[in-house]
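Coordinates in review
Here is how the chains run, residue by residue.
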Amino acid sequence: MKEKIKEIIGKMTLEEKAGMCSGQDTWRLKSVDRLGIPTVMVADGPHGLRKQEAKGDNLGIYDSIKAVCFPAGCAVAASFDKELLEFMGGLLGEECRAEGVSVLLGPAINIKRSPLCGRNFEYLSEDPLLAGILAAAYVKGVQKHEVGTSPKHYAANNQEHRRMTSSSEMNERTLREIYLTAFETVVKESKPWTVMSSYNKINGEYVGESYRLLTDILRNEWGFDGFVVSDWGAVDLRVQALKAGLDLEMPYSDGSGDRDLIEAVKNGKLDEAVLDKAVERILNIIFRYADARGKDAEFDCEKHHGYAAHIAKKCAVLLKNENLLPLSRKSKVAYIGPYAQKPRFQGGGSSHINAHKVVGAYEAASNTPAYAQGFAADGKPLSEEEIKLAVETAKNADVAVIFAGLPDSYETEGYDRSHMRLPDSQNELIAKIAEVQPNTAVVLHLGSPVEMPWIDKVAAVLNMYLGGEGCGEAADALIYGDANPSGRLPETFPLRLEDTPCYLDFPGDEKVYYSEGTHVGYRYYDAKNMEVLFPFGHGLSYTDFEYSDLEFSADKISDGEKITVSVQVKNTGNFEGEETVQIYTDSAQNKYRRLAGFKKQNIKPGETKTFEIELDMRAFEEFDERLSDWFCEKDVYTVYAAHSSRDIRLEKQIKINTTKTFNLNVNRNTTLGQLLDHPATKEATSALLAKMGAAVSKGEEVSEEVRQMLRGMALSLPLRSLPSLGFASREQIDGLTAQMKALEEKFMQKENK
Ligand code: BGC
């Protein structure tokens, strides 16, 4: 294949090569008939096929073929279930094969920095580890069918406001730890065929023109070997973008991008070999897909609809339950709210699927509940009589189930939400019903958190997220206990918008300052010990789980090694159910814990299962700007086994054995604290501190308190300040600086050997 592609490129004209690097129309790549290069099609993604036959657009405005709408990213992330994501990816891969789609444009894995981002419903999580692992599973599932994926939008595209021109401003550690990690995981673990570069800039440079992001990091560091495609219409300067590593411009730019490339080669501003390389990467994928045509499949929409409902069941999160759910089908139940009939099951924009059939919970219910509308899905006010009827219907039943949620216009690509509330009409209705009906449950259809001013007044809340076309059947099974809720929140539900970490900097404007740094989502709320509405990882079940025996396969972990963490979990209730064990480790640089691994398993009542989760050094490392590398700052870390980020069940310490160290570059401004922290200079600095202590106390006994105070003050002193404090002469300090520097150099030479 390699040879064949090289040979084809050798025969291509400059014009044909430039043409290969942009689309033919919104969805197709160009063909070159004389050389046997076929045209291939790409389509959105991520939670279904948006294949447009006739007129194409990237905003979800024109219609697409009928397809199965699976649960959106917000929902599938809540499953915390790798196998499920791989399964769903597999179904989508099958559909792509059947429909002649070569690359499915997803998964969408940007971090949920603010709950207001208009596309959060498509994105997976506020946590990079969760997003990365789930995305890798999805990619594996799709690509098993020899169909490509396009993890998007690389990177730091965390808002819709000015998404095509704003610059996400952040330090290197934040970029690496929070905004690049999910892409790194998916690239390393599942080798996606393509990656989609985002619209925005990072620190002043368009991602699509950043050699560092597209070539140094993505290809050279992580080993990405597919092609980079621009987000639709993202390319600004075509030649610069190609040089940076952006191979395919989509959709096309009236041929001007191609013309720029041709001209740049002709006038010597672009090496033709760079163009050849991009063409080679694109052809690799085209032929990879085309050569597997024999694998083209058929798929059964009805069967996939059933799978969509099955997946939705595993995604729903039971947020609150005061002994109300599951309901008996024999109870007199009232369903209130239009979403009982027509659920809101997906968001707007490029991911919008022309769903083949949608079943609401009301239709799915075999027990014919009473029904009243109560509010309008489009936000228009209802008459007082209509509202009164809904309250009366709820009151006259044994149980009221209110199907609430965010209207379509609140969550869509292209703009962000301006507040974090449900429409007032819904909040008011829920409060009114809860007044007269103590057995009130709220079923939510939304893609991101909302404030819940009525939370203390209702008995149960079941969050279906945007559960795809089978979400009504899933809600029905969960409400009546035919299925047991097992979803966990992949994001924090804060109490109020003002509590969110980037409240003061969102959405920003030309420059968006990520001042909260790595304090994103639960990392922030935990570091500040803040009360939240529902924490990251939270989710109830109809049964209970008891944790015991947290064990490690070894008592220390070394560079390049893995350890297995195991926990025993017993189902102590009466319902069969799935538990997700979450493993957290503490940060050395900040006051928070972060998710380091997770596993979901089904457990029968009375049964105990072993959960095994592998951790490698990255579970403990953080990105260290001094080293420009991942680094474990502490010798000992705590590992936590938890039911949620705020429900830690067990903990145990582990030793770290790393040879990595950082270069202090000792100079006269290096502080004693820095010297004490570095293994090379630790000993000499301890001795120096002891000498300084003795000089201050003049040989007298000093109390422990005074000793601590002196030490605290001394650690911030740079070497150069010691003469002015009378600890040494200038010459002595010059000597000391040289001595420390020598110690460090010797140490670093030894380490590098
Ligand atoms: C979106 C992408 C999408 C593309 C094609 C863009 O507007 O940002 O996520 O894949 O359009 O529809």
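Rules and cut-offs
Residues numbered from 1 in each chain as written. Predicted model: local features only at pLDDT ≥ 70, side-chain atom pairs only at ≥ 80, totals over all residues. Heavy atoms only, no water. Pairing = 2+ DSSP bridges. Helix = DSSP H or I, 4+ residues; strand = E, 2+ residues; numbered from the N terminus. Axes fitted to C-alpha atoms, helices over the stretch in contact; angles between N-to-C directions. Near = heavy atom within 4 Å. Polar contact = N/O pair within 3.5 Å; in protein donor to acceptor, adjacent residues only side chain to side chain. Areas by Shrake-Rupley, 256 points an atom, 1.4 Å probe, with all protein chains shown as cover. Nonpolar A, V, L, I, M, F, W, Y, C, P; charged D, E, K, R; others polar. Phe/Tyr/Trp six-rings, centres within 6.5 Å; stacked < 30°, edge-to-face > 60°. Buried < 20%, exposed > 50% of the residue type's maximum accessible area, 1.4 Å probe, protein only. Lys NZ or Arg CZ within 6 Å of the ring centre and 35° of its normal. Domains from an automatic or database assignment. Contact = heavy atoms within 4.5 Å. Buried area = accessible area lost by both parts, 1.4 Å probe. Salt bridge = Lys/Arg side-chain N within 4 Å of Asp/Glu carboxyl O. Parallel < 35°, antiparallel > 145°, perpendicular 65-115°, else oblique. Left-handed = near helix turned anticlockwise from the far one by under 90°. Core = buried A, V, L, I, M, F, W, Y, C linked by side-chain atoms within 4.5 Å.

**What to know about the sheet that holds strand 26 (residues 636–644)**
By definition, the strands of a sheet pair up through backbone hydrogen bonds, in either a parallel or an antiparallel sense. Here we have five strands laid out as an open sheet, ordered 19-27-26-21-22, and mixed in their pairing. Looking along the sheet, the strands with just one partner apiece sit at the ends: strand 19 (556–558) and strand 22 (593–603). Going from strand to strand, the sheet's axes swing by 30° on average, the running direction of each strand aside. Direction of pairing for strand 19 relative to strand 27 (residues 647–657): parallel, over a ladder of three bridges. Pairing of I557 across the sheet is with I656, part of strand 27.

**A word on the site of the ligand**
As a structural note, the neighbourhood of the ligand is formed by 15 residues, with D44, R119, H153, D231 and E413 the closest of them. The side chain of D44 places a nitrogen or oxygen atom 2.5 Å from an oxygen atom of the ligand. D231 is positioned with one of its side-chain polar atoms (N or O) 2.7 Å from an oxygen atom of the ligand. The protein chains hide 100% of the 310 Å² of surface that the ligand would expose on its own. The residue makeup of the shell around the ligand, split by class, is five nonpolar, three polar and seven charged.

**Here we look at the packing of aromatic side chains**
Enumeration over the complete set of coordinates arrives at 18 aromatic pairs. Ring geometry for Y154 and W222: centres 6.0 Å apart, planes at 70°, overall edge-to-face. Of the two residues, Y154 is situated in the loop between strand 4 (148–149) and strand 5 (167–169) and W222 in the loop between helix 7 (211–221) and strand 9 (227–230); the sequence distance between them amounts to 68 residues. A relative accessible area of 5% places W222 in the buried class. Aromatic rings pair up to connect F80, Y522, F536, Y584 and F598 into one cluster. When the ring centre of Y514 is taken as origin, the NZ or CZ atom of R113, which lies over that ring, is 3.9 Å away. Seen from the ring of Y640, R593 lies directly overhead, with NZ or CZ sitting 4.7 Å from the centre.

**Describing the domain arrangement of the protein**
How big an interface is tends to be reported as the loss of accessible area on association of its parts. Domain annotation of the protein identifies domain 1 (2–292), domain 2 (301–497), domain 3 (545–657) and domain 4 (672–751). Here the C-alpha centroids of domain 2 and domain 3 sit 33 Å apart. In this complex, domain 2 contributes six residues to the contact, which on the side of domain 3 involves nine residues. Between domain 2 and domain 3 lies a buried interface of about 630 Å² when both sides are counted; carbon and sulfur atoms form 42% of it. Taken as a group, N484, S486 and R488 account for 72% of the area that domain 2 buries against domain 3, more than any other trio of residues on that side. Here domain 2 is connected to domain 3 by two salt bridges. A salt bridge links E579 to R488; its shortest N-O distance comes to 2.5 Å. Inspection of the domain 2/domain 3 interface yields six residue pairs in polar contact (both at pLDDT 80 or more). Among the residues making up the side of domain 2 that touches domain 3, the classes are represented as one nonpolar, three polar and two charged.

**Some remarks on the pairing of strand 27**
Of the pairings in the sheet, the one linking strand 26 to strand 27 comprises eight bridges and is antiparallel in character. Considered in strand 27, the bridge of A642 is made with I648. Counted along the chain from strand 26 to the antiparallel partner strand 27, the turn is two residues long.

**Here we look at the pattern of salt bridges**
One pass over the structure, following the stated rule, counts 53 salt bridges. Note that E578 and K314 form a salt bridge whose closest N and O atoms lie 3.2 Å from each other. Placement of the pair is E578 in strand 21 (residues 577–586) and K314 in helix 11 (residues 301–315), with a sequence separation of 264 residues. Owing to a relative accessible area of 12%, E578 belongs among the buried residues under this scheme. Given a relative accessible area of 18%, K314 falls into the buried group. Where salt bridges share partners, they join R119, E122, E160, R163 and E413 into one cluster.

**Remarks on the packing of helix 1 (residues 2–11) against helix 10 (residues 272–290)**
The description of two helices packed together rests on the angle between their axes and the distance between the axes. Helix 10 packs onto helix 1 with a crossing angle of 130° between their chain directions and a minimal axis gap of 10 Å. In this view, helix 1 runs oblique relative to helix 10, as classed from their interaxial angle. The two elements helix 1 and helix 10 meet at a crossing, and its hand is right-handed. The residues of helix 10 that touch helix 1, namely those facing K4, I5, K6, I8 and I9, are D276, V279, E280, L283, N284 and F287. Split into classes, the residues belonging to the contact of helix 1 with helix 10 amount to six nonpolar, one polar and four charged.

**Some details on the side chain of D499**
Here D499 shows up in the loop between helix 15 (471–479) and strand 17 (511–513). D499 sits in the buried class, given a relative accessible area of 10%. Apart from the residues lying within four places of it in its own chain, the contact partners of D499 are Y524, Y525, M530 and E531.

**What to know about the sheet that holds strand 7 (residues 201–202)**
The four strands are arranged 8-7-5-17 in an open sheet whose pairing can be described as mixed. Two strands in the sheet have a free side with no partner beyond their single neighbour: strand 8 (205–206) and strand 17. Here strand 7 runs beside strand 8; their pairing, made up of two bridges, is antiparallel. Paired with I202 across the bridge in strand 8 is E205.

**Some points on the nonpolar core**
Within the largest apolar cluster, 185 residues are counted, with the highest numbers of intra-cluster contacts made by M12, I37, Y154, L283, Y335, M452 and I479. In terms of residue count, helix 5 (residues 128–143) provides more of this core than any other element does, ten residues in total. Setting aside its immediate chain neighbours within four residues, L283 contacts I5, I8, I9, M12, M20 and I37. Counting 25 residues, the second-largest nonpolar core is a separate cluster that includes I557, A596, F620 and C632.

**Points about the environment of L84**
One can find L84 in helix 4 (residues 82–99). Among the residues examined, L84 registers a relative accessible area of 5% and is labelled buried. Sequence-distant contacts of L84, defined by excluding residues within four places in its chain, comprise S79, H310, I311, K314 and C315.

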